[in-house]
Amino acid sequence: MVIKDTAIIPDHDQPTISDPFEAMRIEDGCLHLSVAFFANAGSWSMFNRQFQFRWDGETTALAGFESSDVHRGSGGMRRTSVNYLRGRRKDAIGNITEDTDDWKWSDLPKDAKTALGSIGNGFEFEP
């Protein structure tokens, strides 16, 4: 089976923005894809998104998602970790100067299933 998604890794056309593709690997039956945003001018924000996809017999479904957003000026940080297989997510808000995160757990809706082709722009994806 061949899968193609031309939106998940965004194009960039500004010389101050780093290439968004960070890494891709296949491990333990999962496709792991990482994208990141960093600008050396024009933005205080930097972030990364990590997607884990697994073939579920019907589609290449999103099995896990991790994100980390940092404001380089204030040090404010937001992290999210989603396990679609277990139907759970955890979120934390903090600062890069703190050693601990105050994670808040929540359940996902029962029908929370996302296929590779429906992610769209990986920078804009929200679980």
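All residue numbers here refer to positions counted from 1 along the written sequence of the relevant chain. Residue-level local features of this predicted model are given only where pLDDT is at least 70; pairs of side-chain atoms are given and counted only at 80 or more, and the full residue set underlies all totals for whole chains, interfaces and linings. To get the side-chain values, all heavy atoms of the structure are used, and hydrogens and water are removed first.

*Asks:* Could you clarify how one ought to interpret the side chain of Asp-69 in this entry?
*Replies:* Its location among the elements puts Asp-69 in strand β4 (residues 60–71). Burial classes follow relative accessibility: with a 1.4 Å probe on protein chains only, a residue under 20% of its type's maximum area counts as buried, one over 50% as exposed, and anything between as partly exposed. Residue classification places Asp-69 among the buried positions, given a relative accessible area of 16%. Definition of a polar contact: a pair of N or O atoms within 3.5 Å, with one able to donate and the other able to accept a hydrogen when the atoms are protein atoms, and with sequence-neighbouring residues admitted only if both atoms are side-chain atoms. In this structure the side chain of Asp-69 is engaged in a polar contact, spanning 3.1 Å, whose partner is the side chain of Arg-49. Should any heavy atoms of two residues lie within 4.5 Å, those residues are counted as being in contact. For Asp-69, the contacting residues outside a window of four places in its chain are Met-46, Phe-47, Arg-49, Gly-76, Met-77 and Arg-78. Helix numbers and strand numbers start at the N terminus; a helix is a DSSP run of H or I with at least 4 residues, a strand a run of E with at least 2.

*Asks:* I would appreciate a short explanation of the sheet that holds strand β5 (residues 76–83) in the present structure.
*Replies:* Sheet strands line up and pair through hydrogen bonds in the backbone, either parallel or antiparallel. Overall, antiparallel pairing links the 7 strands, which are arranged β1-β2-β3-β4-β5-β6-β7 in an open sheet. Only two strands of the sheet have a single neighbouring strand rather than two, namely β1 (21–27) and β7 (104–107). Neighbour-to-neighbour, the strand axes of this sheet turn through a mean angle of 15°, independent of strand direction. DSSP bridges decide pairing: two strands pair if at least two such bridges lie between them. Examined bridge by bridge, β4 and β5 share 7 bridges and lie antiparallel to one another. Following the sheet pairing, Val-70 is matched in β5 by Met-77. Axes here refer to lines fitted to C-alpha atoms; in helices the fit is confined to the stretch in contact. Angles between the N-to-C directions go from 0 to 180 degrees.

*Asks:* Help me understand the pairing of strand β6 (residues 88–95) in this model?
*Replies:* Looking down a regular strand, the side chains alternate between one sheet face and the other. Note: β5 against β6, 8 bridges, orientation antiparallel. Its bridge partner being in β6, Ser-81 is matched across the sheet by Lys-90.

*Asks:* Before we go on, may I ask you to explain the packing of aromatic side chains in this structure?
*Replies:* Think of a pair of aromatic rings as described by two things: how far the centres are apart, and how the planes are tilted against each other in angle. In summary, the pairing rule links any two rings of Phe, Tyr or Trp, Trp by its six-membered ring, whose centres are within 6.5 Å, and it sorts them by plane angle into stacked for under 30 degrees, edge-to-face for over 60 and tilted for everything else. Taken as a whole, this structure holds 7 aromatic pairs when the rule is applied. The interplanar angle of 70° and the centroid separation of 5.1 Å between the aromatic rings of Phe-65 and Phe-125 together place this pair among those described as edge-to-face. Residue Phe-65 is found in strand β4, and its partner Phe-125 is found in the segment after β7; the two are separated by 60 residues along the sequence. Like Phe-65, the residue Phe-125 is buried in the burial classification. Cluster of aromatic residues (ring-pair linked, three or more members): Phe-51, Phe-53, Phe-65 and Phe-125. Here, over-ring charges are defined by two tests on the NZ atom of lysine or the CZ atom of arginine: distance to the ring centre within 6 Å, and angle to the ring normal within 35 degrees. Positioned above the aromatic ring of Trp-103, the side-chain terminus of Lys-90 is 4.6 Å from the ring centre.

*Asks:* I would appreciate a short explanation of the environment of Asp-28 in the present structure.
*Replies:* Inspection of the secondary structure assignment puts Asp-28 in the loop between β1 and β2 (30–38). Asp-28 sits 26 residues away from Arg-54 along the chain, and the two C-alpha atoms are 9.4 Å apart.

*Asks:* Explanation requested: the pattern of salt bridges in the structure shown.
*Replies:* Pairing of side chains with opposite charge becomes possible as their charged atoms draw close. The term salt bridge refers to a side-chain nitrogen of Lys or Arg lying within 4 Å of a carboxyl oxygen of Asp or Glu. Under the defined criterion, the tally for this structure stands at 7 salt bridges. Between Glu-126 and Arg-78 there is a salt bridge, with the nearest N and O atoms lying 3.8 Å from each other. Here the residue Glu-126 occupies a position in the segment after β7, and Arg-78 occupies one in strand β5, the gap between them amounting to 48 residues. The class of Arg-78 is partly exposed, set by a relative accessible area of 37%. Here Lys-104 and Asp-102 are joined by a salt bridge, their closest N and O atoms 3.1 Å apart. Of the two residues examined, Lys-104 and Asp-102, each falls in the exposed class. What you see here is one network of salt bridges that share partners, running through Arg-49, Asp-69, Arg-78 and Glu-126.

Everything listed here is a matter of geometry and, on its own, says nothing about what the molecule does.
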